[in-house]
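Letter by letter, the chains look like this.
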Amino acid sequence: MENVSPSIPKTKKIKLNFTDSKYATGRRKKSIAKVWVKKGSGNIHVNGMKMNEYFKRPVHQIIVMRPLEISQVASNFDVKCSVKGGGLSGQAGAIILGISKALVAHDQNLKKNLKKDKLTTRDSRVVERKKYGHRKARRSFQFSKR
């Protein structure tokens, strides 16, 4: 008898050719995204999957598309991302920064619009560490009088 679980579908990773493309790195919280941008037809692939398959929530899809829509080149560039660490929101934020940096490397004229919407700067906020004697970073244990 085979030990194959029928409930988990395997999505096939797509091999992409991204020679002569621009590369940039984006970071957000604990996530790191490696992003390649080249002239193309507007396809976005994240970790070998289409963006719509990787980010199921429409909010994350809109966030990832933002730099391309602001610079009005959504249908002119193909994007390939390799992202790891953190959660989906952090990964989407890391991809934004990577796409913005790569677009600026491709065409310096796009920097003005991207900088105006603060997409070229790294968001340095990270989770505060837990302190000794506390339940969380700042939250203390419940005080009991009796």
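Overview of the structure.

The rules we used
- Residues numbered from 1 in each chain as written.
- Predicted model: local features only at pLDDT ≥ 70, side-chain atom pairs only at ≥ 80, totals over all residues.
- Heavy atoms only, no water.
- Phe/Tyr/Trp six-rings, centres within 6.5 Å; stacked < 30°, edge-to-face > 60°.
- Lys NZ or Arg CZ within 6 Å of the ring centre and 35° of its normal.
- Axes fitted to C-alpha atoms, helices over the stretch in contact; angles between N-to-C directions.
- Helix = DSSP H or I, 4+ residues; strand = E, 2+ residues; numbered from the N terminus.
- Parallel < 35°, antiparallel > 145°, perpendicular 65-115°, else oblique.
- Contact = heavy atoms within 4.5 Å.
- Nonpolar A, V, L, I, M, F, W, Y, C, P; charged D, E, K, R; others polar.
- Polar contact = N/O pair within 3.5 Å; in protein donor to acceptor, adjacent residues only side chain to side chain.
- Pairing = 2+ DSSP bridges.
- Core = buried A, V, L, I, M, F, W, Y, C linked by side-chain atoms within 4.5 Å.
- Buried < 20%, exposed > 50% of the residue type's maximum accessible area, 1.4 Å probe, protein only.

Now for the packing of aromatic side chains. According to the stated counting rule, one finds two aromatic pairs in the structure shown. The interplanar angle of 90° and the centroid separation of 5.1 Å between the aromatic rings of Y54 and F55 together place this pair among those described as edge-to-face. Sitting over the face of the ring of W36, K80 holds its NZ or CZ atom 4.7 Å from the ring centroid.

Now for the packing of helix α2 (residues 58–70) against helix α3 (residues 88–106). Between α2 and α3, the least distance of the axes is 8 Å, while the angle of their chain directions is 10°. Taken together, α2 and α3 sit at an angle that is classed as roughly parallel. Here H60, I63, V64, P67 and L68 of α2 come into contact with α3, specifically with L88, S89, A92, I95, I96, I99, S100 and L103. Split into classes, the residues belonging to the contact of α2 with α3 amount to ten nonpolar, three polar and no charged.

In this fold, N47 is placed in the loop between β3 (44–46) and β4 (49–50). Looking at N47, its side chain comes within polar contact range of the side chain of Y54, at 3.4 Å. A distance of 2.8 Å separates a polar side-chain atom of N47 from the backbone nitrogen of V83.

This part is about the sheet that holds strand β5 (residues 77–84). Spatial strand order, β1-β2-β5-β3-β4: five strands in an open sheet with mixed pairing. This sheet does not close on itself; its edge strands, each paired only once, are β1 (22–28) and β4. Two elements, β3 and β5, share three bridges in a ladder whose sense is parallel. Note on β5: the bridge partner recorded for I44 is V79. The strands that α3 touches are β1, β2 (31–39), β3 and β5; relative to β1, the one it contacts most, it runs at about 150°.

For the rest of this paragraph, the subject is the pairing of β2. Where β1 meets β2, seven bridges bridge the pair, whose relative direction is antiparallel. Within the sheet, the bridge partner assigned to K22 lies in β2 and is V37. Between the end of β1 and the start of β2, which pair antiparallel, lie two residues, with K29 showing a positive phi angle near 55°. In the sheet, β2 pairs with β5 via eight bridges, with the strands oriented antiparallel. Residue pairing for β5: K34 is matched across the bridge by S82.

V46, I95 and L103 are the most contacted members of the largest nonpolar core, which has 29 residues in total. Of all the secondary-structure elements, those providing two or more residues to this core are β2, β3, α1 (51–54), α2, β5 and α3. Here the element with the most residues in this core is α3; it accounts for eight residues. If we skip the residues at most four places from it in the chain, I95 touches A33, V35, V46, F55, V64, C81 and V83.

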